[in-house]
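# Descriptive analysis of the structure
The residues making up each chain are set out below.
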Amino acid sequence: MIKNTVTNDIHTSNKKIIKKFRSELANFTEKGVRNALHELLLPDTDIHMPFPFGDLVGPNDLFDICYAPLFDAMPDLERRDWIVIGGRTEHFDNWVGCGGHYVGTFVGPWLDIPPTGHLTHMRFHEFYRFHQGRVVEIQTCLLYTSDAADEGLGVDLGGRRI
């Protein structure tokens, strides 16, 4: 058996830094997530979100525009990561990528989608660029729930009907 002896590399360190944030999202509370965002992100972190969110700046925008409305719609919101990876680009930028699901009971409207009262999941892929132990850029992709399509709502999400 080959033993992995590399445990103090930059990617392992960055994954450890993001672990608290991921843990707070798994047990979502407004205070916990907001505090974790402020510890992880710089005030001017560039955040690139899909339509309809667009580009945001800093932890307050990310929480107030993205997480708070989702938490209002799904008060039992949880995040479950199934993969966390780290790597360096050809430009020597260090990134951590996460993939998983946000899950919760859809009891309030979100993005003009009426609530269904059903358990709902939304797949995500998020990439965090680190510099000196803090996140300076986020690229994210949310794959919206099939719950709206199952209900036959035909919601328009940026030219794509679900």
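Quick look at the structure, then. Note that residues are indexed from 1 along each chain, following the sequence as it is written. Note on the predicted model: pLDDT of at least 70 is required for a residue's local features to be given, and 80 or more for side-chain atom pairs to be given and counted; whole-chain, interface and lining totals, by contrast, use all residues. Where side-chain values are given, they derive from all heavy atoms of the structure, hydrogens and water being excluded.

### Focus: helix α2 (residues 30-40)
Note the threshold: Exposure classes here rest on a 1.4 Å probe applied to the protein chains alone. A residue is buried below 20% of its type maximum, exposed above 50%, and partly exposed in between. Segments assigned H or I by DSSP are reported as helices when at least four residues long, segments assigned E as strands when at least two residues long, and all are numbered from the N terminus. It is the directions from the helix axis to the C-beta atoms whose arc is reported. Contact between two residues is taken to exist if any of their heavy atoms lie within 4.5 Å; hydrogens are not considered.
Taken residue by residue, α2 has G32, V33, A36, L37 and L40 as its buried positions. For α2, the buried positions fall inside an angular range of 130° around the axis, keeping them on one side. Those residues of α2 hidden inside the fold are in contact with α1 (10-26), β1 (41-48), α3 (58-73), β5 (119-131) and β6 (134-143).

### Regarding the side chain of T120
In plain terms, the rule: Within 3.5 Å is the distance limit for a polar contact, defined as a pair of N or O atoms, with the added protein rule that one can donate a hydrogen and the other accept it, and that residues adjacent in sequence qualify only through two side-chain atoms.
Tracing the backbone through its elements, the reader meets T120 in strand β5. The class for T120 is buried, based on a relative accessible area of 2%. Of the polar contacts made by the side chain of T120, one reaches the backbone oxygen of H118; its length is 3.1 Å.

### Some thoughts on the pairing of β5
Spelled out, the test is: Strands are labelled as partners when DSSP assigns at least two bridges between them.
The two faces of β5 differ: T120, M122, F124, E126, Y128 and F130 on one face are buried, but L119, H121, R123, H125, F127, R129 and H131 on the other face are not. Looking at chain direction, strand β4 (residues 94-105) and β5 are connected through 12 bridges and run antiparallel. In the sheet register, C98 faces β5, and the bridge partner there is E126. Of the strand pairs in this sheet, β5 and β6 are connected by 9 bridges, and their pairing is antiparallel. Across the sheet, residue R129 finds its bridge partner in β6, namely E137. If you look at the hairpin formed by β5 and β6, you'll find 2 residues sitting between the two strands, and Q132 has a positive phi there, around 50°.

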